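# Structural overview
The lines below spell out each chain.
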Amino acid sequence: MPGGCLYSHFYKRDSGLYLTDLEVNNRNEVALIPPTKQPPSSDAMLDPASVFALATDDQGQLHLGIPIWTLPLILPVLIPPVIALGAAADPLTDPYHALEVTRPLLFVCADHSPALNLRKRALEALSPLTDAQVRTELMHSAVFLSRSPASSSQWHHRLWIISQQELPRKTHDGAMSDIFTREHAVIARAAARKQRNYYAWTYRIRLRQALEPTLGLTSNRAQIDQVDEALVQQWLLDGHGGDSSAKVYLAWMGSR
């Protein structure tokens, strides 16, 4: 596998469930690779060579494919620890363990509400989060959204991280610009994967509303408005001109 990865994660398609490296950069997405294996016979199921297969995508990145038939084997392993921890009373005695057990399940099932609720409880138990912890959770969120770009639950979780954990200590001009540039990249990737992505563009509106009180303390509010509109206009010009959700966002900006 390529160097510089934190761990591996899954991507589910009709043809297979894919395990791919998460790189430490701004391109931490779940990659798509073609199916490489048919379900083996029952005698061959315990042979790793019959289950896993390496493949290279168009960018030359190496990925490990797992066939879709493995889902019934994976989910019964991933779900029970999440349910058991979710039944525990607050405060969680080991929030780091809760974060660890929810992560692989959310890679497979990004909309799993009990896992997301448990993850939020774990983060609340660790609050106030350090800058590194916020960055790590936002990185996980971006990968979960690349798996499920129209997940209302995932967008809500991301907004909670930013509004409750990041914004309270980010009040200077540069921080606002950095946050907005970073979030545009996440939204643009999700909107490219899912056309007319209502949830991604609604998140953008709610993010702007969450930023408003902090932007009022800075001197570059008008500049961020201009940058915001220019980014969306450029995204529409880059092959997404028919995206009505993006146009609704621009209309919302114009009505403010």
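Residues numbered from 1 in each chain as written. Predicted model: local features only at pLDDT ≥ 70, side-chain atom pairs only at ≥ 80, totals over all residues. Heavy atoms only, no water.

## A closer look at helix α10 (residues 244–255)
- For α10, built from 12 residues, the straight-helix expectation of 16 Å at 1.5 Å per residue is met to within 8% by its first-to-last C-alpha distance of 16 Å.
- If you check which residues of α10 are buried, you get Ser245, Ala246, Tyr249, Leu250, Trp252 and Met253. Seen end-on, α10 carries its buried residues on one side only, within an arc spanning 155°. Across from the buried face of α10, at angles greater than 90 degrees, the exposed residues are Val248, Gly254 and Ser255. (Helix = DSSP H or I, 4+ residues; strand = E, 2+ residues; numbered from the N terminus. Expected span 1.5 Å × (residues − 1). Buried < 20%, exposed > 50% of the residue type's maximum accessible area, 1.4 Å probe, protein only. Arc of directions from axis to C-beta.)

## Things to note about the pattern of salt bridges
- Considering all chains together, one arrives at 8 salt bridges under this definition.
- Here Glu166 makes a salt bridge to Arg182, at a shortest N to O gap of 2.9 Å. Within this pair, whereas Glu166 is found in helix α6 (residues 152–166), its partner Arg182 is found in helix α7 (residues 173–193), the two being separated by 16 residues in sequence.
- The class for Glu166 is buried, based on a relative accessible area of 8%.
- Residues Arg208 and Asp225 are paired through a salt bridge, measuring 2.4 Å at the closest nitrogen-oxygen approach. Separated by 17 residues along the polypeptide, Arg208 in helix α8 (residues 198–215) and Asp225 in helix α9 (residues 221–237) bring together distant segments of the chain.
- Overlapping salt bridges bring together Arg158, Glu166, Arg182 and Glu183 as one network. (Salt bridge = Lys/Arg side-chain N within 4 Å of Asp/Glu carboxyl O.)

## What about the packing of helix α4 (residues 113–126) against α6?
- In the contact formed by α4 and α6, the axes pass within 11 Å of each other and the chain directions differ by 5°. When the interaxial angle is binned, α4 and α6 end up roughly parallel. For the pair α4 and α6, the contacting residues are Ser113, Leu116, Arg119, Lys120, Leu123 and Glu124 in the first and Ser153, Gln154, His157 and Trp160 in the second.
- Classifying every residue of the contact of α4 with α6 gives 3 nonpolar, 4 polar and 3 charged. (Axes fitted to C-alpha atoms, helices over the stretch in contact; angles between N-to-C directions. Parallel < 35°, antiparallel > 145°, perpendicular 65-115°, else oblique. Contact = heavy atoms within 4.5 Å. Nonpolar A, V, L, I, M, F, W, Y, C, P; charged D, E, K, R; others polar.)

## Comments concerning the side chain of Glu137
- Mapped onto the elements, Glu137 comes out in helix α5 (residues 131–147).
- Glu137 gets classed as buried once you look at its relative accessible area, which sits at 3%.
- Aside from chain neighbours lying at most four places away, what touches Glu137 is Arg119, Leu123, His157 and Ile161.

## Overview of α9
- Its 17 residues give α9 an end-to-end C-alpha distance of 25 Å, which sits within 8% of 24 Å, the value for a rise of 1.5 Å per residue.
- For α9, the full list of buried residues reads Ile224, Asp225, Asp228, Val232, Trp235 and Leu236. End-on, the buried residues of α9 take up no more than an arc of 110°, which puts them together on one face. Opposite the buried face of α9, at more than 90 degrees from it, the exposed residues are Ala222, Gln226 and Leu237.

## Observations concerning unusual backbone geometry
- For the bond running from Asp90 to Pro91, omega is -5°, close enough to zero to count as cis.
- Relative to the assigned elements, Pro91 resides in the loop between α2 (71–86) and α3 (95–108).
- Of the consecutive residues Ser127 and Pro128, the connecting peptide bond is found in the cis state with omega at 0°.
- Tracing the sequence through the fold places Pro128 in the loop between α4 and α5.
- The phi dihedral of Arg196 is positive, around 50°, even though this residue is not glycine.

## Some words on the nonpolar core
- Trp155, Trp201, Tyr203, Leu207, Val232, Trp235 and Tyr249 are the most contacted members of the largest nonpolar core, which totals 53 residues.
- The element best represented in this core is α7, accounting for 8 residues.
- Contacts of Leu207, omitting those with residues within four sequence positions, involve Leu159, Ile162, Phe180 and Glu183. (Core = buried A, V, L, I, M, F, W, Y, C linked by side-chain atoms within 4.5 Å.)

## Structural notes on the environment of Ile205
- By the element assignment, Ile205 lies in helix α8.
- A relative accessible area of 17% places Ile205 in the buried class.
- Along the primary structure Ile205 and Tyr249 are separated by 44 residues, whereas in three dimensions their C-alpha atoms are 7.1 Å apart.
- Setting aside its immediate chain neighbours within four residues, Ile205 contacts Tyr249 and Trp252.

## Details of the side chain of Arg158
- Topologically, Arg158 is positioned in helix α6.
- Beyond its immediate chain neighbours, meaning those up to four positions away, Arg158 contacts Leu138, Ser141, Ala142, Leu145, Arg182, Glu183, Val186 and Tyr203.

## Description of the packing of aromatic side chains
- Applying the stated criterion across every chain, the model contains 5 aromatic pairs.
- Feature note: the residues Trp201, Trp235, Tyr249 and Trp252 constitute an aromatic cluster, connected by ring pairs. (Phe/Tyr/Trp six-rings, centres within 6.5 Å; stacked < 30°, edge-to-face > 60°.)

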